[in-house]
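Listed here are the chains, written in short residue letters.
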Amino acid sequence: MLEGHVLNLHNGFNRFPGNTQLKEIRITGGIGKSVCWRQTLVDIFNCPAVSVSGEAAVTGAAMHAMWCYFFSIN
């Protein structure tokens, strides 16, 4: 189940326009405390996964909504 969630994130990331390359994944909240989650992200996205303090779920949701809005009107 864990791997399925990360593969779904990876699939969505691969749909971004252009050739976007990740340098690092920053993880907040409980997921950042889990060695298993971090290693799964590293293995699938092939870049470092760094745990940072704070909670950024709302910022990520806002960025996603903005991306969807701007790419849906074209």
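Whatever comes next refers back to the structure up there.
Description of the structure in this document. (Residues numbered from 1 in each chain as written. Predicted model: local features only at pLDDT ≥ 70, side-chain atom pairs only at ≥ 80, totals over all residues. Heavy atoms only, no water.)

## Looking at the overall build of the protein chain
A tally of helices and strands in the protein chain yields three helices and two strands. Ordered by position from N to C terminus, the α and β elements of the protein chain give α-β-α-β-α. Projecting the C-alpha coordinates of the protein chain onto the three principal axes gives extents of approximately 40 × 25 × 25 Å. Counting every position in the protein chain, which comprises 74 residues, the buried fraction comes to 18%. Taking contacts inside the protein chain between residues at least 6 apart in sequence as the whole, the part at least 24 apart equals 61%. About 5,700 Å² of surface is accessible on the protein chain, with carbon and sulfur atoms providing 59% of the total. For the protein chain, the separation between the mean place of its 5 positive charges and that of its 4 negative charges on side chains is 6 Å. (Helix = DSSP H or I, 4+ residues; strand = E, 2+ residues; numbered from the N terminus. Buried < 20%, exposed > 50% of the residue type's maximum accessible area, 1.4 Å probe, protein only. Contact = heavy atoms within 4.5 Å. Areas by Shrake-Rupley, 256 points an atom, 1.4 Å probe, with all protein chains shown as cover. Lys, Arg positive; Asp, Glu negative; His and termini not counted. Charge placed at Lys NZ, Arg CZ, Asp CG, Glu CD.)

## Focus: the nonpolar core
Val6, Phe13, Ile25, Ile27, Leu41, Ile44, Phe45, Cys47 and Ala49 together form the largest nonpolar core, which totals nine residues. In terms of residue count, helix H2 (residues 35-45) provides more of this core than any other element does, three residues in total. Every residue in contact with Ile25, bar those within four places of it in the chain, is listed here: Leu41, Phe45, Cys47, Pro48, Ala49 and Val50. (Core = buried A, V, L, I, M, F, W, Y, C linked by side-chain atoms within 4.5 Å.)

## What to know about the environment of Leu7
Positionally, Leu7 belongs in helix H1 (residues 2-14). With 44 residues separating them along the chain, Leu7 and Ser51 place their C-alpha atoms 19 Å apart.

## Points about the packing of aromatic side chains
Scanning the entire structure with this criterion turns up five aromatic pairs. Here the aromatic rings of Phe13 and Phe45 are separated by 6.1 Å at their centres, their planes lie at 70°, and the arrangement is edge-to-face. Of this pair, Phe13 sits in helix H1 while Phe45 is found in helix H2, placing the two residues 32 residues apart along the sequence. Of the two residues examined, Phe13 and Phe45, each falls in the buried class. (Phe/Tyr/Trp six-rings, centres within 6.5 Å; stacked < 30°, edge-to-face > 60°.)

## Comments concerning the packing of H1 against H2
Where H1 contacts H2, the two axes come as close as 10 Å, and the packing angle between them is 40°. Accordingly, the angle class assigned to the pair H1 and H2 is oblique. Handedness of the crossing formed by H1 with H2: right-handed. For the pair H1 and H2, contact is made by Leu2, Glu3, His5, Val6, Leu7, Leu9, His10 and Phe13 and by Cys36, Trp37, Thr40, Leu41, Ile44 and Phe45, respectively. A class-by-class count of the residues in the contact of H1 with H2 yields ten nonpolar, three polar and one charged. (Axes fitted to C-alpha atoms, helices over the stretch in contact; angles between N-to-C directions. Parallel < 35°, antiparallel > 145°, perpendicular 65-115°, else oblique. Left-handed = near helix turned anticlockwise from the far one by under 90°. Nonpolar A, V, L, I, M, F, W, Y, C, P; charged D, E, K, R; others polar.)

## A word on the pattern of salt bridges
Counted by the stated rule, this structure contains one salt bridge. Salt-bridge contacts for Arg26 lead to Glu24; the nearest nitrogen and oxygen are separated by 2.7 Å. (Salt bridge = Lys/Arg side-chain N within 4 Å of Asp/Glu carboxyl O.)

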